[in-house]
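One-letter residues, chain by chain:
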Amino acid sequence: MTIAQLDPKQTEHTPSDIPIGRQVTLEIISVKKFQGRNFTYEELILSKVYQEAHIQMQSLALRFKLHPLTVEDCLHRNQRVKIESFSEYQFIVWYYFHQSIPEPIELHIILGKDFMLLISNDLPRHMADSWKTLCFPQGQSIYLFDAICQMFETLNQHAEFYVNAVEYSLAKLEKKIMNQYVKPTQILRFKYLVWEMDQTICLAGIIFHNLDKLGFSTDQRFKWRNVIDNHSRLLENINHVR
């Protein structure tokens, strides 16, 4: 069982890292699309080379009329969990947790009136071949609001798996403490994990509060309330771990 490392380090290439005159060749990027009845879904795995990722985001921004601040946030990782409202869409920063990956993956979700974009620079490929497959296990939803409900239900569920894994590991650590066999670094590691959850999962409530204002139908609103209730239960589990 693998949970997040104590001090995950991420590398990012900036324009200064790229020699002048170098020919930029885009990597083979995972792009998945589908057309729902009233929206377009598209996901993009960004190149880890900054200049290449910049070209990818400029192309996406042109087609979906994204604000320069949104493009900038997608290019610079380690953003705080948040939701920002623009005239034509909502921009969301979310962290994907699962007990089988060494550290959470930062997701940028853009919800427009007739489109949904999911942008990341990584993918748990041992679990799925795309975020589409991962976020929509019941199959792609036909309507946008149904897709939103299904996606956040899945993201919540996988975060719950992660929290349960942390809780299980803490129980094992408690036995080691009682037997007076525990390393200080193990305690520090779990302190970091709890802090990490506080800064990501716990802050997601503001996202649900804002999206609750969307024009859900009666059936969709029932699904959305289930998503919110599941997240509330997840917060209770985190408080118990804390």
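How each quantity is defined
- Residues numbered from 1 in each chain as written.
- Predicted model: local features only at pLDDT ≥ 70, side-chain atom pairs only at ≥ 80, totals over all residues.
- Heavy atoms only, no water.
- Helix = DSSP H or I, 4+ residues; strand = E, 2+ residues; numbered from the N terminus.
- Buried < 20%, exposed > 50% of the residue type's maximum accessible area, 1.4 Å probe, protein only.
- Contact = heavy atoms within 4.5 Å.
- Areas by Shrake-Rupley, 256 points an atom, 1.4 Å probe, with all protein chains shown as cover.
- Salt bridge = Lys/Arg side-chain N within 4 Å of Asp/Glu carboxyl O.
- pLDDT = per-residue confidence, 0-100.
- Phe/Tyr/Trp six-rings, centres within 6.5 Å; stacked < 30°, edge-to-face > 60°.
- Core = buried A, V, L, I, M, F, W, Y, C linked by side-chain atoms within 4.5 Å.

### Structural notes on the overall build of the chain
Line of reasoning, step 1. The helix and strand tally for the chain stands at 7 helices and 6 strands.
Line of reasoning, step 2. Ordered by position from the N terminus, the helices and strands of the chain form the series β-β-α-α-β-β-β-β-α-α-α-α-α.
Line of reasoning, step 3. With 242 residues in all, the chain has 46% of them scored as buried.
Line of reasoning, step 4. If you take every contact in the chain between residues at least 6 apart in sequence, the share linking residues at least 24 apart comes to 63%.
Line of reasoning, step 5. When the accessible surface of the chain is summed, it comes to about 13,000 Å², and 53% of that surface belongs to carbon and sulfur atoms.

### Considering the pattern of salt bridges
Line of reasoning, step 1. Applying the stated criterion to the full structure yields 8 salt bridges.
Line of reasoning, step 2. The partner of Glu-84 in a salt bridge is Lys-82, and the shortest N-O contact between them spans 3.1 Å.
Line of reasoning, step 3. We classify Lys-82 as buried; its relative accessible area is 7%.
Line of reasoning, step 4. As a salt-bridge pair, Asp-219 and Lys-223 come within 3.7 Å of each other at their nearest N and O atoms. Note that Asp-219 and Lys-223 are positioned in helix α7 (residues 218–241) at a spacing of 4 residues, about one turn of the helix.

### Describing the confidence of the model for the chain
Line of reasoning, step 1. Per-residue pLDDT for the chain averages 82, and the proportion of residues at 70 or more is 82%.
Line of reasoning, step 2. Residue range residues 1–30 is modelled with pLDDT below 50. Its contacts to residues more than four positions away, or to other chains, number 69 contacts.

### Remarks on the packing of aromatic side chains
The geometry of two aromatic rings is summed up by the distance between their centres and the angle between their planes.
Line of reasoning, step 1. Inspection of every chain in the model, using the stated rule, returns 16 aromatic pairs.
Line of reasoning, step 2. Between Trp-94 and Phe-208, the ring centres sit 5.9 Å apart and the planes meet at 70°, which makes this aromatic pair edge-to-face. With Trp-94 in strand β4 (residues 89–96) and Phe-208 in helix α6 (residues 205–211), this residue pair connects regions lying 114 residues apart in the sequence. Each of the two residues, Trp-94 as well as Phe-208, counts as buried.
Line of reasoning, step 3. An aromatic cluster is built from Trp-94, Phe-145, Phe-152, Phe-208, Phe-216 and Trp-224, whose rings are joined through pairwise contacts.

### Quick word on the nonpolar core
Line of reasoning, step 1. By size, the foremost hydrophobic cluster in this structure holds 73 residues, and its most contacted members are Leu-66, Trp-94, Met-116, Trp-131, Phe-152 and Trp-224.
Line of reasoning, step 2. Among the elements that take part in this core, helix α4 (residues 144–178) stands out by supplying 12 residues, more than any other.
Line of reasoning, step 3. Once residues lying within four places of it in the same chain are set aside, the contact partners of Trp-224 are Ile-148, Cys-149, Phe-152, Phe-208, Leu-211, Asp-212 and Phe-216.

### So, unusual backbone geometry
As a rule of thumb, non-glycine residues mostly have phi less than zero, and peptide bonds are mostly trans rather than cis.
Line of reasoning, step 1. For Lys-65, which is not a glycine, the phi torsion comes out positive at approximately 55°.
Line of reasoning, step 2. Within the secondary structure, Lys-65 is located in the loop between α1 (50–64) and α2 (68–75).
Line of reasoning, step 3. Positioned with a positive phi, Asn-78 is a non-glycine residue whose angle comes to about 60°.
Line of reasoning, step 4. Within the secondary structure, Asn-78 sits in the loop between α2 and β3 (82–85).
Line of reasoning, step 5. Residue classification places Asn-78 among the exposed positions, given a relative accessible area of 57%.

### Structural notes on the side chain of Thr-70
Line of reasoning, step 1. Of note, Thr-70 is situated in helix α2.
Line of reasoning, step 2. When its relative accessible area of 0% is taken as the criterion, Thr-70 is described as buried.
Line of reasoning, step 3. In contact with Thr-70, not counting residues within four places along its chain, are Phe-86, Tyr-89, Phe-91 and Ile-110.

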